[in-house]
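Architecture at a glance
Spelled out from the first residue to the last, the chains are:
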Amino acid sequence: DELAGLAAEVPRESVDATDAFSEQTMELLQRAAEKAHELHRNELDTEHLLYVLADTDVCAALLKELKLSPQDIKSYIDEHAKQGTASDDASPERMTVSPRLKKAFQYAFQASRDLGHSYVGPEHLLIGLAAVPDSLAGTLLKKYGVTPEALRQKVVKVVGKGAE
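Predicted model, so just to flag it, every value in this text is computed and none were measured.

Basis of the calculations
- Residues numbered from 1 in each chain as written.
- Predicted model: local features only at pLDDT ≥ 70, side-chain atom pairs only at ≥ 80, totals over all residues.
- Heavy atoms only, no water.
- Salt bridge = Lys/Arg side-chain N within 4 Å of Asp/Glu carboxyl O.
- Helix = DSSP H or I, 4+ residues; strand = E, 2+ residues; numbered from the N terminus.
- Buried < 20%, exposed > 50% of the residue type's maximum accessible area, 1.4 Å probe, protein only.
- Expected span 1.5 Å × (residues − 1).
- Axes fitted to C-alpha atoms, helices over the stretch in contact; angles between N-to-C directions.
- Parallel < 35°, antiparallel > 145°, perpendicular 65-115°, else oblique.
- Left-handed = near helix turned anticlockwise from the far one by under 90°.
- Contact = heavy atoms within 4.5 Å.
- Nonpolar A, V, L, I, M, F, W, Y, C, P; charged D, E, K, R; others polar.

Our focus in this paragraph is the pattern of salt bridges. Per the stated rule, a full pass over the model turns up 11 salt bridges. Between Lys-74 and Asp-55 there is a salt bridge; the shortest N-O distance is 2.9 Å. Of this pair, Lys-74 sits in helix 6 (residues 70-80) while Asp-55 sits in the loop between helix 4 (46-53) and helix 5 (57-65), and the two are 19 residues apart along the sequence. With a relative accessible area of 12%, Lys-74 lands in the buried category. Looking at Asp-55, the relative accessible area reads 43%, which means it is partly exposed. With a closest N to O distance of 3.1 Å, Arg-152 and Asp-114 form a salt bridge. On the criterion of sequence distance, the pair formed by Arg-152 in helix 10 (residues 148-158) and Asp-114 in helix 7 (residues 99-114) is long-range, its members being 38 residues apart. Taking relative accessible area as the criterion, Arg-152 reaches 27% and is therefore assigned partly exposed. Members of the salt-bridge network, linked through shared partners, are Arg-41, Glu-43, Asp-45, Glu-47 and Arg-100.

In structure tokens:
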């Protein structure tokens, strides 16, 4: 399992957070790692996850509720994401997870619980990213006025509470 390495990277206290990740979430992390790899980064960070999240149906719906287009988000990240120095043959599976992203995972897990959901999906990850202000994703969301609170309200509207 390519993501076994990812789970190993996550600090002990948030292990249960990754246990609750839905299959879609695991796939998104895989795609985010590929995005980071394209940017020659050895570390998976918030902007890489936000980039792939913008394409999911649920996040696109949430962004639309907040008058934002996924394309705006992706263009901003393409302009501002840091290029790394990793070689082309560096493996995306060997990627480490930034402390900022680990924090976002913990917030996502918490948001999922608060909303009575039994999984951590894209909508929770989006809330998690918005809750980490000292990250590129957090800064970008804040710039557009997207707060964790606003997102929670929209998640209740779009996904419902206690959804499976």
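Once that is clear, we can look at the environment of Met-26. You can see Met-26 is positioned in helix 3 (residues 23-38). Owing to a relative accessible area of 26%, Met-26 belongs among the partly exposed residues under this scheme. Sequence separation between Met-26 and Val-120 is 94 residues, and the spatial gap between their C-alpha atoms is 9.9 Å.

For helix 3, spanning 16 residues, the distance from its first C-alpha to its last is 23 Å, which sits close to the expected 22 Å at 1.5 Å a residue. Taken as a whole, helix 3 has its buried residues at Thr-25, Leu-28, Leu-29, Gln-30, Ala-32, Ala-33, Lys-35 and Ala-36.

As a further point, take the packing of helix 8 (residues 122-130) against helix 10. Their axes nearest at 8 Å, the elements helix 8 and helix 10 cross at an angle of 165°. Judged by the inter-axis angle, helix 8 sits roughly antiparallel to helix 10. In terms of crossing hand, the pair formed by helix 8 and helix 10 is left-handed. Of the residues in helix 10, those in contact with Glu-123, Leu-126, Ile-127 and Ala-130 of helix 8 are Pro-148, Leu-151, Arg-152 and Val-155. The residue makeup of the contact of helix 8 with helix 10, split by class, is 6 nonpolar, no polar and 2 charged.

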